[in-house]
Protein chains: 2
Amino acid sequence: MAVYSLSFSPICLSQLVLQLAICFNIQQIFNFSLVFVTVDMLKTPDHQVAGHEAGVGKLGPLVDDSGRFYKPLQGDQRGSEEVAFYESFSSNTNIPEQIRKFFPVYYGTKVMKASTGSDHPHIVLQDLTSASPNPSVMDIKIGSRTWGPEASDAYIAKCLKKDRESTSTPLGFRISGLQVYTGEESGFYKPDRDYMRKTGLDDVKLILRNFVSSNPSSETGQGPGPDCSLVSYVYGGPNGILAQLVELKTWFEDQTMYHFHACSLLFMFDQRLTLEGARSNAVVKLIDFAHVTDGNGVIDHNFLGGLCSLIKFISNIVAEANDHTGTNGEVEV
Amino acid sequence: MAVYSLSFSPICLSQLVLQLAICFNIQQIFNFSLVFVTVDMLKTPDHQVAGHEAGVGKLGPLVDDSGRFYKPLQGDQRGSEEVAFYESFSSNTNIPEQIRKFFPVYYGTKVMKASTGSDHPHIVLQDLTSASPNPSVMDIKIGSRTWGPEASDAYIAKCLKKDRESTSTPLGFRISGLQVYTGEESGFYKPDRDYMRKTGLDDVKLILRNFVSSNPSSETGQGPGPDCSLVSYVYGGPNGILAQLVELKTWFEDQTMYHFHACSLLFMFDQRLTLEGARSNAVVKLIDFAHVTDGNGVIDHNFLGGLCSLIKFISNIVAEANDHTGTNGEVEV
């Protein structure tokens with residue numbers, strides 16, 4: 001463990017170590033601390049809505065029964081940068097406790113049998129959806145710009161094209177994927193990736209409503225539209241998603257330690273628990289830290305702007321629901 | 001006035017009318033309401049710190065003795081877009097009164113003898129610096145991105161280059177120019193445009209301090225640095241620049257009518273009045289609306305992000321000043 005304990009706080013040194021590990025001799029560097037997880041305990045996640053998926057000969061995340069999520073390190077700089085962020089963040093004493101809850105718990109890295117069958121280093125994280133059998137999940141990539149100022153011209157050009165073709169540039173965020181549990185028989189509403197790639201402003205408004213509805217649909221302008229029946233439990237209320245986003249915003253107005261390029265916010269809730277319980281069980285988490293850079297004493301204005309835009313969309317939905325139902329006390333934002 | 005009164009609220013139609021006016025027959029369209037201002041009343045502004053300057057054969061703004069500022073319409077789409085914005089904004093009943101004060105008063109357009117000697121349409125505005133003989137002025141272009149999503153590829157490439165080479169991309173704003181009055185003998189501290197073009201993070205920190213100091217200097221790391229002697233009068237306090245920026249931020253978190261690409265914030269104060277009076281006379285104004293577009297129901301996350309970044313820089317300076325002086329009540333933000 002000597003390599004890790006030396007210096008994981010400074011992002012750059014840990015990046016270097018991991019880059020070397022990945023490029024040259026993964027096993028030699030990592031095998032000092034390996035507990036190889038046997039393959040039969042692992043499976044591909046049931047509730048992944050965006051990002052790389054595991055498949056035959058394809059690297060992707062795995063989960064086990066104990067509530068851990070194994071994310072394979074990407075072979076280029078991204079993998080080492082993501083580990084560097086988790087190491088820095090988990091040991092950073094300047095993170096307020098109420099903010100730490102927005103990040104997955106980090107358990108270190110582990111070389112283990114990957115979804116491809118060969119050994120590969122993984123980031124070991126809390127499996128965010130393990131507590132619910134049928135979670136509704138939405139992945140929203142935050143920021144009008146998904147590249148950092150130090151990125152290469154080629155990488156910037158590639159990101160800029162995606163940002164302009166998606167809603168990232170105009171709205172400050174894009175919805176990468178979602179699934180909404182609609183009941184035992186109907187199962188999940190889960191639009192395919194092709195649909196998600198083509199979403200515009202009106203689709204985003206519809207999707208954000210679909211997420212809290214019992215009748216989600218990708219059809220616009222037909223029928224009564226999504227019923228938003230869960231809006232006050234999921235988005236509204238003192239523990240709802242809107243209140244959590246506002247809490248996160250307050251931190252982003254002040255924190256100058258990290259810039260979260262191309263990060264996503266994950267929204268999750270369990271419909272059954274939501275309907276049974278008085279309190280919202282909706283959870284907001286930040287994920288995907290492969291492009292986090294040092295803040296250098298500047299706030300992450302790109303993330304903050306996108307977050308504020310998302311907050312405005314969601315608060316509009318909450319306000320409309322209040323107008324329709326005359327609800328007053330239930331949704332406090 | 002029929003052309004104007006028809007339809008200036010929708011931005012696009014007014015743009016079209018003005019585009020036609022500029023391209024084809026300016027005088028014929030505008031001469032119905034012209035009061036030609038005689039040349040001897042007009043002069044170039046004394047306190048311009050950024051933007052196009054009037055010169056021999058060069059179009060630039062003019063001012064008169066009655067407190068009006070004449071900005072020549074740029075011959076391409078920018079001129080018509082700026083007029084369209086002023087027309088839309090000045091007749092927009094959804095602008096709160098406390099927000100209207102952040103915008104220059106608009107008096108319409110006028111064809112008049114330009115700085116080049118020929119007739120040209122001008123936007124007639126309040127001359128923001130006319131009330132003070134020796135105003136300290138700073139021009140800060142807000143937003144990490146100075147182009148709108150609908151701009152052409154060539155225009156985006158040009159802006160992106162400038163944004164990346166300046167502090168716009170990393171900080172969310174760039175300081176375009178400033179002048180600081182330092183006294184009768186010393187006059188104004190006014191760094192040249194070459195210096196301004198090369199400013200990085202440390203220069204921005206220095207400049208923001210210089211603006212409220214009696215000893216501004218472009219030299220970093222030499223001597224005690226700027227004294228920030230006016231910080232509590234100019235940035236701090238209930239009427240200071242920081243409080244005004246926070247008020248503006250609250251509006252930007254909510255307003256979805258306009259997106260202010262490549263706009264600037266102008267900070268102004270009169271050192272003499274500041275030292276004489278108990279209340280701050282610092283003023284914040286938004287200027288330069290040639291690239292404003294419809295918000296389409298989305299907040300201006302790009303402007304808001306840059307504004308929040310600027311607020312953080314200035315609140316750091318105010319907080320440091322409080323720490324040094326032990327001041328508590330003077331600066332309330």
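What you are looking at is a predicted structure, and each value in this text was computed from that prediction instead of being measured.

Engineer: Help me understand the overall build of chain A, please; the structure alone is not making it clear to me.
Structural biologist: Within chain A one finds 13 helices and eleven strands. Taken over 333 residues, chain A has a buried fraction of 55%. A separation of at least 24 residues holds for 67% of the contacts in chain A among residues at least 6 apart in sequence.

Engineer: Got a minute to help me understand the pattern of salt bridges in this structure?
Structural biologist: A side chain of one charge can pair with a side chain of the opposite charge when the charged atoms of the two come close. If you walk through the whole model with that rule in mind, you get 24 salt bridges over all chains. Connected through salt bridges with shared partners, the residues A:Lys249, A:Glu253, B:Lys249 and B:Glu253 form a single ionic network.

Engineer: Explanation requested: the sheet that holds strand 6 (residues 173-183) of chain A in the structure shown.
Structural biologist: Two pairing modes exist for strands in a sheet, parallel and antiparallel, and in both the strands are linked by backbone hydrogen bonds. Residue and element names in this part refer to chain A. Strand order across the open sheet formed by five strands is 7-6-5-9-10, with antiparallel pairing between neighbours. The sheet terminates laterally at strand 7 (187-189) and strand 10 (283-287), the two strands that pair on one side only. Pairs of neighbouring strands in the sheet enclose a mean axial angle of 20°, with direction left out of account. Here strand 5 (residues 135-142) runs beside strand 9 (residues 264-270); their pairing, made up of seven bridges, is antiparallel.

Engineer: Where do I start with the relation of the copies chain B and chain A in this structure?
Structural biologist: One chain copy maps onto the other through a rotation about an axis and a shift parallel to that axis. Between chain B and chain A, which share one sequence, the superposing operator has a rotation angle of 180° and an axial displacement of 0.0 Å; the RMSD is 0.0 Å. The superposition of one copy onto the other is thereby described by a two-fold rotation axis. For chain B, the smallest separation between a C-alpha atom and the rotation axis is recorded for B:Gly305, amounting to 2.2 Å. Comparing interface residues between copies, 100% of those in chain B also sit at the interface in chain A, which points to an isologous, same-surface contact.

Engineer: Please explain the packing of helix 6 (residues 153-165) of chain A against helix 6 (residues 153-165) of chain B as it appears in this structure.
Structural biologist: The relative placement of two packed helices comes down to the angle between their axes together with the axis-to-axis distance. Where helix 6 of chain A contacts helix 6 of chain B, the two axes come as close as 13 Å, and the packing angle between them is 125°. Considered as vectors, helix 6 of chain A and helix 6 of chain B are oriented oblique to each other. You can see that helix 6 of chain A and helix 6 of chain B cross each other, and the crossing is right-handed. Contacts between helix 6 of chain A and helix 6 of chain B involve A:Asp153, A:Ile156, A:Leu160 and A:Arg164 on the former and, on the latter, B:Asp153, B:Ile156, B:Leu160 and B:Arg164. Here the contact of helix 6 of chain A with helix 6 of chain B is composed, by residue class, of four nonpolar, no polar and four charged.

Engineer: Please explain the sheet that holds strand 10 (residues 283-287) of chain B as it appears in this structure.
Structural biologist: All names here are of chain B. Judged by pairing direction, the sheet is antiparallel, and its five strands sit side by side in the order 7-6-5-9-10 without closing on themselves. Only two strands of the sheet have a single neighbouring strand rather than two, namely strand 7 (187-189) and strand 10. Adjacent strand axes in the sheet meet at a mean angle of 20° when their direction is disregarded. Across the face of the sheet, helix 11 (residues 241-252) comes into contact with strand 9 (264-270) and strand 10 while running at roughly 40° to strand 10.

Engineer: What should I look at first to understand the confidence of the model for chain A in this one?
Structural biologist: Any residue range with low pLDDT should be treated as having predicted coordinates unsuitable for detailed reading. Residue and element names in this part refer to chain A. This prediction gives chain A a mean pLDDT of 84; 83% of its residues lie at or above 70. Segment residues 1-40 is flagged for pLDDT under 50; beyond a separation of four residues in sequence, or across chains, it makes 62 contacts in the model. Below pLDDT 50 for its whole length, residues 328-333 participates in 13 contacts with residues either more than four positions away or in separate chains. The complex prediction reports pTM at 0.86, with the ipTM value standing at 0.85.

Engineer: Even after reading the chapter, I still don't get the packing of helix 11 (residues 241-252) of chain A against helix 13 (residues 301-325) of chain A, so can you show me in this structure?
Structural biologist: Residue and element names in this part refer to chain A. Their axes nearest at 10 Å, the elements helix 11 and helix 13 cross at an angle of 155°. It follows from the interaxial angle that helix 11 and helix 13 lie roughly antiparallel. As helix 11 packs across helix 13, the resulting crossing turns out to be left-handed. Of the residues in helix 13, those touching helix 11 at Ile241, Leu242, Leu245, Val246, Leu248, Lys249 and Phe252 are Phe303, Leu304, Leu307, Cys308, Leu310, Ile311, Ile314, Ser315 and Val318. In terms of residue class, the contact of helix 11 with helix 13 is made up of 14 nonpolar, one polar and one charged.

Engineer: Can you walk me through the state of the cysteines in this structure?
Structural biologist: Working definition: the covalent bond between the sulfur atoms of two cysteines is a disulfide. Under the counting rule described, the total for this entry stands at zero disulfides over all chains. There is no disulfide at A:Cys308, and the cysteine sulfur nearest it, in B:Cys308, is 5.7 Å away. The buried category is assigned to A:Cys308, whose relative accessible area is 4%.

Engineer: What is the right way to read the pairing of strand 6 of chain A from this model?
Structural biologist: It is a general feature of regular strands that their side chains alternate between the two faces of the sheet. Residue and element names in this part refer to chain A. Most of strand 6 is tucked away, with nine of its eleven residues classed as buried. When strand 5 meets strand 6, the two strands line up antiparallel, connected through six bridges. Its bridge partner lying in strand 6, Lys141 is registered against Arg174. Turn length for the strand 6-strand 7 hairpin, with the two strands adjacent in sequence and antiparallel, is three residues.

Engineer: Help me understand helix 13 of chain A in this model?
Structural biologist: For an α-helix the count is 3.6 residues per turn, leaving residues at separations of three or four pointing the same way. The first and last C-alpha atoms of helix 13 of chain A sit 36 Å apart over 25 residues, in line with the 36 Å expected at 1.5 Å per residue. Most of helix 13 of chain A sits out of view: 18 of its 25 residues are buried.

Engineer: Would you mind going over the interface of chain B and chain A with me for this structure?
Structural biologist: Many authors give the size of an interface as the accessible area that is lost as the parts come together. At the junction of the two partners, chain B supplies 31 residues and chain A supplies 31 residues. Interface of chain B and chain A: buried area, both sides summed, is about 2,300 Å²; carbon and sulfur atoms make up 62% of it. Together, B:Arg164, B:His301 and B:Lys312 form the three largest contributors to the area buried by chain B at its contact with chain A, with a combined 24%. In this structure, the connection of chain B to chain A is made through six salt bridges. Close ionic contact of A:Asp153 with B:Arg164 constitutes a salt bridge, the shortest N to O distance being 3.1 Å.

Engineer: Would you explain the side chain of B:Ser213 in this entry?
Structural biologist: Residue and element names in this part refer to chain B. Inspection of the secondary structure puts Ser213 in the loop between helix 9 (201-210) and helix 10 (231-234). Polar side-chain contacts of Ser213 include one of 2.7 Å to the backbone oxygen of Arg209. A polar contact of 2.7 Å, which involves the side chain of Ser213, links it to the backbone nitrogen of Cys228. Excluding residues that lie within four positions of it along the chain, Ser213 makes contacts with Val180, Pro226, Asp227, Cys228 and Ser229.

Engineer: Got a minute to help me understand the nonpolar core in this structure?
Structural biologist: The nonpolar side chains of soluble globular proteins are, as a tendency, buried together. With 128 residues, the main nonpolar core has A:Tyr235, A:Phe267, B:Tyr235 and B:Phe267 as its most contacted residues. Core analysis: the second largest hydrophobic core is formed by nine residues, A:Ile156, A:Cys159, B:Trp147 and B:Leu160 among them.

Engineer: Is there a simple way to think about the environment of A:Glu150 in this case?
Structural biologist: As for its placement among the helices and strands, A:Glu150 is situated in the loop between strand 5 and helix 6. With 84 residues separating them along the chain, A:Glu150 and A:Val234 place their C-alpha atoms 38 Å apart.

Engineer: Just checking my understanding: could you explain the side chain of B:Arg174 for this structure?
Structural biologist: Residue and element names in this part refer to chain B. The topology assignment puts Arg174 in strand 6 (residues 173-183). In this structure Arg174 comes out as buried when scored by relative accessible area, which is 15%. Among the polar contacts listed, one links the side chain of Arg174 to the side chain of Ser166, at a separation of 3.4 Å. Excluding its chain neighbours within four sequence positions, the residues that come into contact with Arg174 are Asp139, Ile140, Lys141, Thr146, Lys162, Asp163, Ser166, Thr167 and Ser168.

Scoring rules and cut-offs
Residues numbered from 1 in each chain as written. Chains lettered and ligands numbered in written order. Predicted model: local features only at pLDDT ≥ 70, side-chain atom pairs only at ≥ 80, totals over all residues. Heavy atoms only, no water. Helix = DSSP H or I, 4+ residues; strand = E, 2+ residues; numbered from the N terminus. Buried < 20%, exposed > 50% of the residue type's maximum accessible area, 1.4 Å probe, protein only. Contact = heavy atoms within 4.5 Å. Salt bridge = Lys/Arg side-chain N within 4 Å of Asp/Glu carboxyl O. Pairing = 2+ DSSP bridges. Axes fitted to C-alpha atoms, helices over the stretch in contact; angles between N-to-C directions. Least-squares fit on C-alpha atoms with pLDDT ≥ 70 in both. Parallel < 35°, antiparallel > 145°, perpendicular 65-115°, else oblique. Left-handed = near helix turned anticlockwise from the far one by under 90°. Nonpolar A, V, L, I, M, F, W, Y, C, P; charged D, E, K, R; others polar. pLDDT = per-residue confidence, 0-100. Disulfide = S-S within 2.5 Å. Expected span 1.5 Å × (residues − 1). Buried area = accessible area lost by both parts, 1.4 Å probe. Polar contact = N/O pair within 3.5 Å; in protein donor to acceptor, adjacent residues only side chain to side chain. Core = buried A, V, L, I, M, F, W, Y, C linked by side-chain atoms within 4.5 Å.

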